[in-house]
Amino acid sequence: MSSLSRELVFLILQFLEEEKFKESVHRLEKESGFFFNMKYFEEKVQAGEWEEVEKYLSGFTKVDDNRYSMKIFFEIRKQKYLEALDRQDKAKAVEILVNDLKVFSTFNEELYKEITQLLTLSNFRENEQLSKYGDTKTARSIMLIELKKLIEANPLFRDKLVFPTLKSSRLRTLINQSLNWQHQLCKNPRPNPDIKTLFTDHSCTPANGPLAPTPVNLPVAAVAKPAAYTSLGAHGPFPPTAAAAAAANAGALAGWMANASASSSVQAAVVTASSIPVPQNQVPILKRPRTPPGAPGMVDYQSPDHELMKRLRPVPSIEEVTYPTARQQAWSLEDLPRTVAFSMHQGSTVTSMDFHPSHHTLLLVGSNNGEITLWELGLRERLVSKPFKVWEMATGTLPFQASPISVSRVTWSPDGNFVGVAFTKQLVHLYAYHHGSNDLRQQLEIDAHVGGVNDLAFAHPNKQLCVVTCGDDKLIRVWELNGRRLFNFEGHDAAVYSICPHHKENIQFIFSTAVDGKIKAWLYDNVGSRVDYDAPGHCCTTMLYSADGSRLFSCGTSKEGESYLVEWNESEGTIKRNFIGFVFRKKSNGVVSFDTTQNHFLAAGEDSQIKFWDMDSVNLLATTDAEGGLPSLPRLRFNKEGNLLAVTTADNGFKILANAVGLRTLRAIETPPFEALRPSIDSAVIKVSGTSAVPSVGPVSCKVERSSPVRPSPVLNGGVDPMGRSVEKPRILDDATDKTKPWQLAEIVDPVQCRLVTLPESTDASSKVVRLLYTNSGVGILALGSNGVQKLWKWPRNEQNPNGKATASVVPQHWQPNSGLLMNNDVTGVNLEESVPCIALSKNDSYVMSATGGKVSLFNMMTFKVMTTFMAPPPASTFLAFHPQDNNIIAIGMEDSTIHIYNVRVDEVKSKLKGHQKRITGLAFSTSLNILVSSGADAQLCVWNIDTWEKRKSVMIQIPAGKAPTGDTRVQFHLDQIRMLVVHETQLAIYDASKMERIRQWIPQDGLSAPVSYAAYSCNSQLIYATFCDGSIGVFDADTLRLRCRVAPTAYLSQAILSGSQAVYPLVVAAHPQDPNQFAIGLTDGSVKVMEPTESEGKWGVSPPIDNGILSGRTTSSSTTSNHTPEQLQR
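Residues numbered from 1 in each chain as written. Predicted model: local features only at pLDDT ≥ 70, side-chain atom pairs only at ≥ 80, totals over all residues. Heavy atoms only, no water.

(A) Molecular detail of the nonpolar core. Phe 36, Phe 41, Leu 57, Ile 76, Tyr 81, Leu 82 and Leu 101 are the most contacted members of the largest nonpolar core, which totals 38 residues. Elements with a contribution of two residues or more to this core: α3 (38-47), α4 (50-57), α5 (67-86), α6 (90-101), α7 (109-117) and α8 (136-153). Each residue touching Leu 82, except ones within four places of it in the same chain, is listed here: Leu 118, Phe 124, Leu 130 and Tyr 133. Ranked by size, the runner-up nonpolar core spans 37 residues in total, among them Val 769, Cys 1045, Ala 1080 and Val 1088. (Core = buried A, V, L, I, M, F, W, Y, C linked by side-chain atoms within 4.5 Å. Buried < 20%, exposed > 50% of the residue type's maximum accessible area, 1.4 Å probe, protein only. Helix = DSSP H or I, 4+ residues; strand = E, 2+ residues; numbered from the N terminus. Contact = heavy atoms within 4.5 Å.)

Below is the structure:
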């Protein structure tokens, strides 16, 4: 093939890539053998698509071409074989061995035999050479590094790894130049040439010819993707203003379809005639022609997408995009509406909700019985209720009697003057709303779709208020308010699930999503879809813009039960952020609902909780169960101000959650009858404020700064309002409207009141359990005894426990490798009574690092073999923590009060941190704040910069009067990486680590008066599990430090142990990494127990409601709120 032909292939490859013909691109790469796309190869390897990996490679090399090629294929097939073994799929492994790896036996018979012997092992990691094999993802990444080196060294890939540097749309430019040249050669060149086809040379028809068309600006149509290639029709004449409008529309979605260049995935490639009708299956896009200045008659046929994209997205291209990282005003978690104000009973399952755009306490609710209701939340009153009925059409023509009809969507128009209601049976109702009369007047009934109407929204195409609907008939339709249909969009292959109309400056468009996971976009014309993308996980999804319209998000759930919340990069049509924190379900029972607020927060309803994210961080920010009673996938909706959040409940109602501003808004609308309750409330406040239930809270709470990211809320800090409004009740009294039973502390005193399992072979009176960890995968528990021996338990995957996760319902297995090895720490010359054990587990559960007064040992978790030892005493290691971003960096707290920053790879201490007076007892990293916090037996907390390892600040914890500042102090970060739990035998405390100021403190009292032995956050940071030296266990609300459940020793210890001479109590507690209601305790008698609430309860009590510092029902342990005085801060 000539060099010009070779270059033409590269031009075609560029064209196919720009037009998003992904499969064709890679097929041509393979068939031509001119360019090896390393990025595509990496994607397929990481995805484990081995058949496609080898097929793609086959276009460039064969197994026996040279030693590099042989090594490439061997590594790929070996990885495929090991993965089959790791899945315990022996049949597949044998198939790979015989069909794929046998070819290498002629070159290395011994190696092939060794590979074959792996079949005989229960775990191939027992093989010495494979003992370091981690998880599949890591193994593929390591193999890729090796493969890239082999490919780069392979002479067959020389000159095939770099794509030539080309200007964008080079092939199209050449065609344009050719057309310009042809036009110049015309005998009678016209200023607006009529380009009919690329199949023959262009020539201008004489203006007075019999078939002379009206002069037109050049329309250029996109390459469509029909079943067969048919003629593309052009469109009628456009005067200059119309052409500009067409150009604007054409480029409206270019941001999703192109990068910042003249190219576009639906860009012009075919010049069409004006005489051929447009087939319905074609998707042409009009482009505005440009005539270069100074060149009359010369037409630049390149489409002006670069300019048009700016209309859609008023920000630069992706390389230049900078999204706002924060709002102008200071924000905090307290801005989130998380406090339950009240619950309301709808009478039927709530299916959709929407707040009025300007009257922020006006909530529209739709139900599964077809009824819509308008609520005034400040009054807790139904203003209007409209049961479903057909207004005009004959019911005989509609299948309404066959099954119940439900509301699928209710929504307000942007001006709040209209209400739209979509039903599960073909109908849409429009109501006019008049705020003064609080009435809904029938406006319009539309027979909108065949089957269900799945979504409805208002839009303003051409500055005219319209209704957009979608349905089971795979259509999107646009209606005027008089019922006339404006547009009918076809193109989806499945029922359309949701729509999202939007505009960028003067460009109006609609995103639509279907139940098959396809995302399309439409302009208000009859041209067709401009975008065809797959939602993450091919899931049923909804799309929403942030309030200011600058950021696009989508959220959905796949059929397999996996949920996705992502932010889109509009300029590329790619995912910018994938938010984490969802629970995987084996089977989907619905789609996750989500909403945005304040241009800063996202919320989604899942796992009977509401989960919150900061838009600029993929990590979960906070969660709440709204005091329980939520369905597994609650629906939710913010009001426009973001201070109220409506969420559906499992008992045919909804709850209103509020922040401090929202609570004041609701109180401002309270009716006189409700106000009449205030005198009795106020007297109750006065009566209780003098008791010890809320000791000396008022003066100190006022010191909390507004700018603190975790400032105490007037609702959550023990009932004290920082602004001094002591008689205001932060929480609306549910009891005034709904006669709910008073709150009671959950007390677990009997084994039947919870689920409990004692791990086998764990009891050993000679060795206390001093450290306890769940594996990160949640399938096992690792315990370190005071004798330096570590034990591992794993839960089997069976019918009783199909996911193989740790559970109190199934007894696990005490796990050991076939070799019978134990993980024994180095205790040579160690006084075990005085040693301080420490342990840390790598993120992939492959390695555990621990010490018991001697050297630190690094164990392989599969073989229990010691990989290496380091840091021989003195001084002895007392605490270990892996660096969150590099497993080779370890922070090691020492007996001599120093902290060593140790690099395992080079076996070197990189930094030695000094600031404590006694041994280090706790270390915690915050990647959000870029700090390491250390705690010591000196009751001191120190903050260190992760980059420079310089000390930023130190602070002494406040020890209650009469208590000695001795004993261990431990620290653990909340999920938000800002708040921090500080545990000492005298207290539990929450700190704002950004300022090292204490927010709350709980001191042992009442029924939990013994010293604290250990405490830890639950996996969602919503609960704190604390153990005490008298055997009691407390479950606290993590936000308020208020006790919600108390577990007595009688619930988990036998009568024989309780009456024995030796006191048995938990020394350590560990929280399950995925189940927020499961924890494990390690006891002084060497036993390990896993505890969960009963299946009927599902959780450890409920958060106590707070009314001006008074708990409804029984009084429970209170928390205090305070900040350190300047004198307590030390530099």
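Moving on, there is more to tell.
(B) Inspection of the pattern of salt bridges at higher detail. Across all of its chains, the model carries 35 salt bridges by this definition. A salt bridge links Arg 77 to Glu 54, with the shortest nitrogen-to-oxygen separation between them at 2.9 Å. Here Glu 54 lies in helix α4 and Arg 77 lies in helix α5, a separation of 23 residues in the sequence. Overall, Glu 54 belongs to the buried group, its relative accessible area being 16%. A salt bridge links Lys 520 to Asp 532; its shortest N-O distance comes to 3.7 Å. One end of the pair, Lys 520, is in strand β18 (residues 518-523); the other, Asp 532, is in strand β19 (residues 531-534), with 12 residues separating them in the sequence. Taken together, the shared-partner salt bridges in this structure form one network comprising Arg 338, Asp 976, Arg 979 and Asp 1039. (Salt bridge = Lys/Arg side-chain N within 4 Å of Asp/Glu carboxyl O.)

(C) Molecular detail of the packing of α5 against α8. Contact geometry for α5 and α8: axes closest at 9 Å, N-to-C directions at 170°. What the angle tells us is that α5 and α8 run roughly antiparallel. Here Tyr 68, Lys 71, Ile 72, Glu 75, Ile 76, Gln 79, Glu 83 and Asp 86 of α5 lie close against α8, whose contacting residues are Thr 136, Ala 139, Arg 140, Met 143, Glu 146, Leu 147, Leu 150, Ile 151 and Ala 153. Partitioning the contact of α5 with α8 into residue classes produces nine nonpolar, two polar and six charged. (Axes fitted to C-alpha atoms, helices over the stretch in contact; angles between N-to-C directions. Parallel < 35°, antiparallel > 145°, perpendicular 65-115°, else oblique. Nonpolar A, V, L, I, M, F, W, Y, C, P; charged D, E, K, R; others polar.)

(D) Local environment of the side chain of His 974. When you line up the elements, His 974 lands in the loop between β50 (969-973) and β51 (979-984). Polar side-chain contacts of His 974 include one of 3.4 Å to the backbone oxygen of Ser 1021. Residues in contact with His 974, not counting those within four places in the same chain, are Leu 621, Arg 979, Met 980, Tyr 1017 and Ser 1021. (Polar contact = N/O pair within 3.5 Å; in protein donor to acceptor, adjacent residues only side chain to side chain.)

(E) Representation of the confidence of the model for the protein within the structure. Taken over all residues, the pLDDT of the protein has a mean of 79, while the share at 70 or more is 78%. When pLDDT is averaged over each helix and strand of the protein, the minimum, 31, is found for strand β2 (residues 268-271) and the maximum, 97, for strand β58 (residues 1066-1071). Scored below 50 in pLDDT, residues 671-740 shows 138 contacts in the model against residues more than four places distant or in partner chains. Here residues 1107-1116 scores under 50 on pLDDT; set against residues more than four positions off or in separate chains, the count is 35 contacts. (pLDDT = per-residue confidence, 0-100.)

(F) Quick peek at α6. Residues Ala 93, Ile 96, Leu 97, Asp 100 and Leu 101 constitute the buried set of α6. Looking down the long axis of α6, one finds its buried residues gathered within 115° of arc, a one-sided arrangement. Turned more than 90 degrees off the buried face of α6, the exposed positions are Ala 91 and Asn 99. Close packing links the buried residues of α6 with α5 and α7. (Arc of directions from axis to C-beta.)

(G) The sheet that holds strand β53 (residues 997-1002), seen in detail. Ordered in space as β50-β51-β52-β53, the four strands form an open sheet in which the pairing is antiparallel. Every interior strand has two partners, whereas the edge strands, β50 and β53, have only one. For this sheet, the mean angle separating the axes of adjacent strands, direction not counted, is 25°. Judged from the five bridges that link them, β50 and β51 form a sheet pairing that is antiparallel. (Pairing = 2+ DSSP bridges.)

(H) Looking closely at the pairing of strand β14 (residues 476-480). Among the five residues that make up β14, five are buried, leaving the element largely enclosed by the rest of the structure. Residues Ile 476, Val 478 and Glu 480 line one face of β14 and the alternating positions Arg 477 and Trp 479 line the opposite face, and both faces are buried. For strand β13 (residues 466-471) and β14, the ladder comprises five bridges, and the chain directions are antiparallel. Looking at the pairing, Cys 470 lines up with Ile 476 of β14. A loop of four residues connects β13 with β14, the two strands running antiparallel in sequence, and Lys 474 in this loop sits at a positive phi of about 70°.

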